[in-house]
Amino acid sequence: MPNAAAALPRALAVEVWSDIACPFCWIGERRLERALAGLAAEWPEVAVTRRWRPFQLQPDLPRPGLPWAEFARAKFGGEREAEQAFFHVARMGAADGLEYRFDRIAAAPNTADAHRLVLHAESAAGGEAGARVSDALFAAYFRDGRHVGERAVLADVAAECGLDRAAAVAMLEGDAHAAAVAESQRQAARVGVRGVPFVVLGGRLAVSGAQPDAVWARAVAQALGAPA
């Protein structure tokens, strides 16, 4: 009987539609990381190519963002209502080792520049660098309450992730990757992405939402054509 592993593809493309301002996306990213670690352990011959796909939940926010109290009133009806809405996600995140401190958030950011920074990291150092930067941005916003719409903060995060700060500043002051951010939003609309996280494995299998580990593991195996 042929060895099932011999039929596995040599590469797996992983496309991640996500937004830095989406609390569920951080959980989804952490669970995806575990699934990919499991893939590497079980099928080390499969090369994973990871690509960030920008998706803005609030693309019409002004560039400086909005004060959190104003944003919470507009979206949730008030800060207390926002706190209640986020209680569930904070509890979910804690189970994944993630700390959410919504009490530290002072502003709701426009995330266009944050997306540009992730794409800059990918173009400079590959998909894993982009994943490191996106994770650092989630932590900066949801755990530390930093304003990830401010370019100085983004440049600091880039440096903290080992990227050249001056190069990040130069990129942010120009329009590099801005067209890619806009095109990714349009592409998401074309393929029917309505919310994030939304991950496409191998160009054909979609996983929507911050699914449990078992769902991710089955999806990875299915995308490879391997027994789940």
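Residues numbered from 1 in each chain as written. Predicted model: local features only at pLDDT ≥ 70, side-chain atom pairs only at ≥ 80, totals over all residues. Heavy atoms only, no water.

Some thoughts on the packing of helix α1 (residues 23-42) against helix α3 (residues 79-95)
Next up, step 1: For the pair α1 and α3, the least separation of the axes is 10 Å and the interaxial angle reads 20°. For the element pair α1 / α3, the angle class is roughly parallel. Considering how the two elements wind past one another, α1 and α3 form a crossing that is left-handed. Across from P23, F24, I27 and R31 in α1, the residues of α3 making contact are F86, H88, V89, M92 and G93.
Next up, step 2: Here the contact of α1 with α3 is built from residues that sort into six nonpolar, two polar and one charged. (Axes fitted to C-alpha atoms, helices over the stretch in contact; angles between N-to-C directions. Helix = DSSP H or I, 4+ residues; strand = E, 2+ residues; numbered from the N terminus. Parallel < 35°, antiparallel > 145°, perpendicular 65-115°, else oblique. Left-handed = near helix turned anticlockwise from the far one by under 90°. Contact = heavy atoms within 4.5 Å. Nonpolar A, V, L, I, M, F, W, Y, C, P; charged D, E, K, R; others polar.)

Some thoughts on the packing of aromatic side chains
Next up, step 1: If you walk through the whole model with that rule in mind, you get 13 aromatic pairs.
Next up, step 2: Centre to centre, the rings of W68 and F71 are 5.5 Å apart; their planes meet at 40°, and the pair counts as tilted. Note that W68 and F71 are positioned in helix α2 (residues 68-76) at a spacing of three residues, about one turn of the helix.
Next up, step 3: Overall, W68 belongs to the buried group, its relative accessible area being 9%. (Phe/Tyr/Trp six-rings, centres within 6.5 Å; stacked < 30°, edge-to-face > 60°. Buried < 20%, exposed > 50% of the residue type's maximum accessible area, 1.4 Å probe, protein only.)

Observations regarding the pattern of salt bridges
Any two side chains of opposite charge can pair, so long as their charged atoms come close to each other.
Next up, step 1: Taken as a whole, this structure holds 17 salt bridges when the rule is applied.
Next up, step 2: Notably, a salt bridge pairs R50 with E29, separated by 3.9 Å at the nearest N-O pair. Of this pair, R50 sits in strand β2 (residues 47-54) while E29 sits in helix α1, placing them 21 residues apart in sequence.
Next up, step 3: R31 is the partner of D96 in a salt bridge, and the nearest nitrogen-oxygen pair spans 2.9 Å. In this pair, D96 is assigned in the loop between α3 and β4 (107-108) and R31 in helix α1, connecting sequence segments 65 residues apart.
Next up, step 4: Taking the relative accessible area as the measure of exposure, D96 reaches 10% and is therefore buried.
Next up, step 5: With relative accessibility at 12%, the residue R31 sits in the buried group.
Next up, step 6: Connected via shared salt-bridge partners are R31, R34, D96 and D213. (Salt bridge = Lys/Arg side-chain N within 4 Å of Asp/Glu carboxyl O.)

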